[in-house]
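Working through the structure, step by step
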Amino acid sequence: MDVSESAAQAARELRVVFGRLYRRFKELSDNQELTPSQASVLSRLGKDGDASASDLAAAERVRPQAVVPTLAVLSERGLIERRPDPDDGRRQLISLSPAGRALFDDARRAGDEWLTRAMDELYTETERRTLIEAMALLERLTQP
């Protein structure tokens, strides 16, 4: 692979930092022992709202069959609800149940509070502005 050394270094360091941040957020949230895929679907429903199983599979970049066991566990645990899609009776829409919403909101609040405090305590105003600018650059990595 013919890439610049700075690109390789940035990729390595970014992966390490995001891995550490992910683990830190996971430590802060009481995710009730959810697997990463269960937590991801729960988070997606919390952020994006109602979705069909095929919508969730596409968003998670997995086959529709792969999301079925995840949804079954979330449903068993009372974290999601299903109802007929008013626009297409063949489909079901999945949403967070009140318990799922509470779990999502609590986890998000804990992570946001920790990160906000840490940013305030560890970085100067100039450094925080630099991070904000860097986030715009990193956002490009998420585009297809």
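This section reports on the structure supplied with the text. (Residues numbered from 1 in each chain as written. Predicted model: local features only at pLDDT ≥ 70, side-chain atom pairs only at ≥ 80, totals over all residues. Heavy atoms only, no water.)

1. Quick word on the pairing of strand β2 (residues 88-96)
- As paired elements, strand β1 (residues 80-85) and β2 share 6 bridges and run antiparallel to each other. Bridge pairing in β2 places E81 opposite S95.
- In this structure, the hairpin formed by β1 and β2 is closed by a connection of 2 residues. (Pairing = 2+ DSSP bridges. Helix = DSSP H or I, 4+ residues; strand = E, 2+ residues; numbered from the N terminus.)

2. Re the pattern of salt bridges
- Under the defined criterion, the tally for this structure stands at 11 salt bridges.
- Among the salt bridges present, the one from R44 reaches E60, with a minimum N-O distance of 2.7 Å. With R44 in helix α2 (residues 36-48) and E60 in helix α3 (residues 53-60), this residue pair connects regions lying 16 residues apart in the sequence.
- In this structure, D55 engages R91 in a salt bridge whose closest nitrogen and oxygen atoms are separated by 3.8 Å. (Salt bridge = Lys/Arg side-chain N within 4 Å of Asp/Glu carboxyl O.)

3. Focus on the packing of α3 against helix α4 (residues 64-76)
- Two numbers describe how α3 lies on α4: the axes approach to 8 Å, and their chain directions differ by 110 degrees. Regarding the angle of α3 to α4, the classification is roughly perpendicular. Residues A53, L56 and A57 of α3 form the contact with α4, whose own contacting residues are P64, V67 and L71.
- For the contact of α3 with α4, the residue count by class is 6 nonpolar, no polar and no charged. (Axes fitted to C-alpha atoms, helices over the stretch in contact; angles between N-to-C directions. Parallel < 35°, antiparallel > 145°, perpendicular 65-115°, else oblique. Contact = heavy atoms within 4.5 Å. Nonpolar A, V, L, I, M, F, W, Y, C, P; charged D, E, K, R; others polar.)

Don't take any of this as a statement about function, it's just geometry.
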